[in-house]
Amino acid sequence: MTTWPILSVLIWLPCLGAILVLLAGNARPRLARWLSLAFTVITFAISLWMLFQYHEGPGGFQMQEKLRWIPGINTSYHLGVDGIAVALIVLTAFVSILVVAGAWEVIKDRVHQYMAAMLVLDGLLIGVFCAMDALLFYLFFEAILIPMFFLIGAWGGPRRVYATLKFFIYTFFGSIFFLIGLLYMYHRAGTFDLPTLWNFPFTMQEQSWLFFSFLIAFAVKTPMVPVHTWLPDAHVEAPTGGSVILAAIMLKVGTYGFIRFSLPILPDASQHFAWLIIVLSLIAIIYIGYVALVQPDMKKLVAYSSIAHMGFVTLGMFIVYMLARQLHDIQMAQLGVQGAVVQMISHGFVSGALFTCIGVMYDRLHTREISAYGGLAKVMPWFAAFWVLFAMANTGLPGTSGFVGEFMVILSSFTANPWIALFAAYSLIIGAGYTLWLIKRIVWGTAPTQKAASMPEINTREGLVLGAFAVAVLAMGVWPWPLMHLMDSSVAQLVTHLMTSKV
Amino acid sequence: MISLNDLLVLLPELYLTAAACLVLLFDVFINDDQRDATHWVGIIVMLVAIFLVIHGQPPQTVTAFGGMFVRDHMAEILKVTVLIATILMFVMARPWLKDRKLFIGEFYSLSMFSVLGVMLLVSAGSLITLYLGLELFSLPAFALVALNRESKLSSEAAIKFFVLGALASGLLLFGMSLIYGATGTLDLHRIFASVGTTPHPHLLQFGLVFLVVGIGFEFGAVPFHMWLPDVYEGAPTPVAMYISAVPKLAAVGLAYRLLQVGLGPLAGDWHMMLAIMAALSLAVGNVVAIAQANFKRMLAYSTISHMGFVFLGLANPTPEGYASALFYAVCFALMETVAFGVILALARKGFECEMIDDLKGLNRRSPWFAGMMAIAMFSLAGIPPLWGFAAKVLVLKSAIDGGMLWLAIVAIIFSIVGLFYYLRVVKVMYFDAPDEAAEPLAAKTDPALRWLLSINGLGLIAMIGFSGVLYAWCQAAFGA
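Along each chain, numbering runs from 1 in the same order as the chain's sequence is written. In the order they appear in the text, chains get letters beginning with A and ligands get numbers beginning with 1. Two thresholds apply to this predicted model, a pLDDT of at least 70 for residue-level local features and 80 or more for giving and counting side-chain atom pairs, whereas whole-chain, interface and lining totals are computed over all residues.

## A look at the overall build of chain B
And then number 1: Helix and strand definitions here come from DSSP, where helices need a minimum of 4 consecutive H or I residues and strands a minimum of 2 consecutive E residues; each element is numbered from the N-terminal end. On a plain count of helices and strands, chain B comes out with 19 helices and 2 strands.
And then number 2: A compact globule built from 480 residues should have a C-alpha radius of gyration of about 23 Å, and chain B, at 21 Å, falls within 12% of that.
And then number 3: Any residue surrounded by 20 or more other C-beta atoms within 10 Å of its C-beta is treated as buried, while 12 or fewer makes it exposed and the intermediate range makes it partly exposed; C-beta atoms here are placed from the backbone. Counting all 480 residues of chain B, 61% fall into the buried class.
And then number 4: Note that contacts rest on C-beta atoms placed from the backbone: two residues are in contact if these are within 7 Å. In chain B, the proportion of contacts linking residues at least 24 apart, taken out of those at least 6 apart, comes to 80%. C-alpha atoms define the radius of gyration, and 2.2 Å times the number of residues to the power 0.38 defines the globule rule.

Right, here's the structure in full:
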């Protein structure tokens, strides 16, 4: 056991870094960049230290910290991590480094504010994954909107103001109902402490209402069909770094909410409405796949593909009930949840990498239109190789991280109902369709314009960022065992918890 | 018989009365160049008053003058906050007043008398002291609004404030006379005791309605909100800051004394009235604020909506409910001082900086003040991790605990609407480019203003961590 508050350090160190970076001021962009890189690297190092401190065997919540916050309403500053949270925290810390490095020369205007926003996001996102108090979770969950609002609004594309207001108000609309749900739970249970709430016997009617109040929040954040419409706008207008954080981490906050709140607190309502989530997930997987196919804008295409991939995550989470409660197949149920989490992590790497690739191209030609590009294989061979690798990971090719999660989810849903598996597997075809077609248009063929033909090859910095993503994608694809082992017992505990009805 | 003990209980108020008179006298004997002396004396007087309030606070509630005056923890919290808000106003107002040749001693003595009124009001144990405090607070406030005699807008605002204020206190007085008629006493505790036994229950309820109307005026809750936007717009900015913070705190005290201490047994009647006013205030305040181009008017409508949140707490007549309303009012007052403080910092001679468009591109022109304003806006919108979030959670919680889930849902739906205009201010500051022809900002701001504003602004972040302490204090004030 550690004696120092490692989780608090993980949360507040980047925030402290943000203050220092802000103090560096507009006049000293170099200092701001190096400082933020230093802070993200140190945070990542500490997150690795935390990973080694975590004992996979017993599972449960470790490295807990508890401080009084507002005793009057029984809420406390309670942190703790299980295997799932550890994996997501390491992901967050890792991607943050790449985002800072990716923005190095790209962001020229108000560098210190950009970097500070990134650092604050880093800290707050880690906070979301650590929180073991419902109100504290909400605090982080909602606070991440502020830096993101500035990122999109200040450094975004031409319609950035529209996109960022839509993003903020849309997500705020979702989460405010979640807040009411939390306060209602407090009214009944008298505490915001999550472990108590997990075991509190809510009646079926209460569970149903609470389920929908949570669903609005998490569905908007995930995003699920039909409340996904903010995502393409936000992605298209966001600067590259904003898109990467948004796709790689922020979307996971929504599905993580399902794991922490909906599933364990409301097992019966979740079971009762599982069909709804499964149907919405399948619509996301298939319909949004088709929508992605017709996008002329690269970022929109990847944004829609993100929604489709998040459909797998929600599918894997809610298929559990059919398996565990109706078929009593615990092993498959665990496989489903595990698949969902693996998919979360993998999508973090893959979508982050894809948005970084798009950013690299955008920096050269200042357009995201697919038709403006072509023949990358000749123009920028190294870059084209990365593109193809990440595209393959996005379609779920075996050997890449994309395959593992999707395969696990499809396998478990096949046991539950072959029809569901059939529809889910259909996404592999559409996914291959839109991704390969994208590759065909931009990597192969010839450059449409002189400018597109003379794009410079990626520099060392870009190569390192993409290389880091590539290593992660391949490592997870070839040897996913450490990740699975990390969360084995946590997932098993979650599934066992779900088995017991509260009513 | 007046005993020494009575006088000791009343010490802060007696002290402030004497000090305000002395400041008035002192100012007569100095010339205009030495006016800074009045300023610093004024601040020291207020600091000493805070010390006397806190230091002399007895652990238990004590009364003086046969129950006319009550000194309890609620009054202590309200008095301290009012004094702090007034000190903030003094410091932030000085450069503004100097630029406009309004740096006069009356500003300080009038403010002190007004604060004295609030201190009496929140400590009132009988209808007489209550009314006395209210009038003592209001009359100097009317004069403060008219401080700038040259400005027609100011005079108009002052007249409106005066006429409507007089109407409100008339209604309140009428209600009080009915209550007196029904119960035969002016003492709030005796009124409480005789509610059940009065032979005229209908008279009592009739009087109650007038009291609620008077309270509604004081808060500026819909449908008694008409005066608020005009007064905010017309009043000199420092006075608008005072009007936005101090009367709201006073009104919480007024509502608690009248409705709970006096007419607690009628809670079944009045809590629904408050709930309806809360819902209307939230709706009207938030929706109309969207249409405002003048920043001060926008803040006025935002104030109206926030009063809806305070009522959310008051409408749950339990110690928890009052504690959350008190917490909200304290938090709100200190958020308003930041929002107005930034305006005061940016304004200079001939430029009021009171339109939202005046803030265009502020981040490029003055990033620090833009940051402070952004903190104030996010806090007013109730976004974590800012203090306004803790306040919002507490009142929503008390509404839900009071069985008014519907009201909580109304509140959050309109707070989504409200989010838009707060975000618009942030958008204007951060995402818009400054106009070419934009008025240049003040070359350098008064260091005292800058420091205090920064402490106040950063405090809105820091206080989220200390919300537990303040809330415990508020709870203790109501014996929860």
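Back to the write-up after that little detour.
## Here's the deal with the confidence of the model for chain B
And then number 1: Every residue is assigned a pLDDT by the predictor, reflecting its confidence on a scale from 0 to 100. Confidence in the prediction for chain B averages 91 pLDDT; 98% of positions are at 70 or higher.
And then number 2: Across the interface, the model reports ipTM at 0.91; the global pTM reads 0.93.

## Overview of helix 15 (residues 330-365) of chain A
Residues and elements named next belong to chain A.
And then number 1: Spanning 36 residues, helix 15 covers 52 Å between terminal C-alpha atoms, matching the ideal 52 Å at 1.5 Å per step.
And then number 2: The element helix 15 is extensively covered by neighbouring structure, given that 30 of its 36 residues are classed as buried.
And then number 3: Two residues or fewer past helix 15, H366 is found with a positive phi of approximately 55 degrees. Expected helix span is given by 1.5 Å per residue-to-residue step, counting one fewer step than there are residues.

## Observations regarding the environment of A:L151
Residue and element names in this part refer to chain A.
And then number 1: Within the secondary structure, L151 is located in helix 6 (residues 145-155).
And then number 2: Residues L151 and W382 lie 231 residues apart in sequence; the distance between their C-alpha atoms is 30 Å.
And then number 3: In this structure L151 touches A117, A238, P239 and G242, once residues within four positions along its chain are discounted.

## Some details on the packing of helix 2 (residues 29-53) of chain A against helix 4 (residues 111-130) of chain A
All names here are of chain A.
And then number 1: Axes here mean lines fitted to C-alpha atoms, for a helix over just the part in contact, with angles spanning 0 to 180 degrees between N-to-C directions. For the pair helix 2 and helix 4, interaxial distance at closest approach is 9 Å and the crossing angle is 10 degrees. Classed by the angle they form, the pair helix 2 and helix 4 counts as roughly parallel. For the pair formed by helix 2 and helix 4, the contact residues are P29, A32, R33, S36, F39, T40 and T43 on the first element and V111, H112, M115, M118, L119 and D122 on the second.
And then number 2: Note on residue classes: Ala, Val, Leu, Ile, Met, Phe, Trp, Tyr, Cys and Pro are nonpolar, Asp, Glu, Lys and Arg are charged, and everything else, Gly too, is polar. Broken down by class, the residue content of the contact of helix 2 with helix 4 amounts to 7 nonpolar, 4 polar and 2 charged. By definition in this entry, angles of less than 35 degrees are roughly parallel, angles greater than 145 are roughly antiparallel, angles of 65 to 115 are roughly perpendicular, and the rest are oblique.

## Description of the nonpolar core
And then number 1: Any set of buried Ala, Val, Leu, Ile, Met, Phe, Trp, Tyr and Cys residues joined through C-beta atoms within 7 Å is what this text calls a nonpolar core. Core analysis: the largest hydrophobic core is formed by 410 residues, its most contacted members being B:V145 and B:L326.
And then number 2: Take this core: its biggest share by element is 21 residues, from helix 14 (residues 319-346) of chain B.

## Here we look at the interface of chain B and chain A
And then number 1: On the chain A side, the residues contacting the 26 residues of chain B number 29 residues.
And then number 2: Residues belonging to the side of chain B that touches chain A are distributed by class as follows: 19 nonpolar, 4 polar and 3 charged.

## Section: the packing of helix 12 (residues 267-290) of chain B against helix 18 (residues 405-430) of chain B
All names here are of chain B.
And then number 1: The N-to-C vectors of helix 12 and helix 18 enclose an angle of 15 degrees; their axes lie 8 Å apart at closest approach. One way to sum up the angle between helix 12 and helix 18 is to call them roughly parallel. The way helix 12 lies across helix 18 gives a crossing that is left-handed. Between helix 12 and helix 18, the contacting residues are A275, A278, A279, L282, A283, N286, V287, A289 and I290 on the first element and L407, V410, A411, F414, V417, G418, F420 and Y421 on the second.
And then number 2: Across the contact of helix 12 with helix 18, the residue classes tally to 15 nonpolar, 2 polar and no charged. Left-handed is the label given to a crossing in which the near helix is rotated counterclockwise from the far helix by less than a right angle, and right-handed is the label when the rotation is clockwise.

## Thoughts on helix 7 (residues 160-189) of chain A
And then number 1: An ideal rise of 1.5 Å per residue puts 44 Å on 30 residues; helix 7 of chain A measures up with 42 Å between its terminal C-alpha atoms.
And then number 2: Of the residues trailing helix 7 of chain A, A:G190 is marked for its positive phi of about 75 degrees.

## Here we look at the pairing of strand 1 (residues 62-70) of chain A
Residue and element names in this part refer to chain A.
And then number 1: Two elements, strand 1 and strand 2 (residues 75-81), share 6 bridges in a ladder whose sense is antiparallel. Within strand 2, the position partnered with E65 by the bridge is L79.
And then number 2: Strand pairing requires that DSSP identify at least two bridges connecting the strands. Where strand 1 folds back on strand 2, the antiparallel hairpin that results is connected by 4 residues, among which N74 adopts a positive phi of roughly 55 degrees.

## Concerning unusual backbone geometry
And then number 1: Omega for the bond connecting A:T222 with A:P223 falls within 30 degrees of zero, at -15 degrees, which places this linkage in the cis form.
And then number 2: With respect to the secondary-structure elements, A:P223 resides in the loop between helix 9 (204-221) and helix 10 (230-237).
And then number 3: Here the residue pair B:P384 and B:P385 is connected by a cis peptide bond, since its omega of 5 degrees sits within 30 degrees of zero.
And then number 4: For B:P385, the location among the structural elements is in the loop between helix 16 (367-381) and helix 17 (387-401).
And then number 5: Despite not being glycine, A:N74 shows a phi value in the positive range, around 55 degrees.
And then number 6: Relative to the elements of secondary structure, A:N74 occurs in the loop between strand 1 and strand 2.
And then number 7: Positive phi, normally seen in glycine, also occurs at A:H328, with a value near 55 degrees.
And then number 8: Checked against the element boundaries, A:H328 lands in the loop between helix 14 (298-326) and helix 15.

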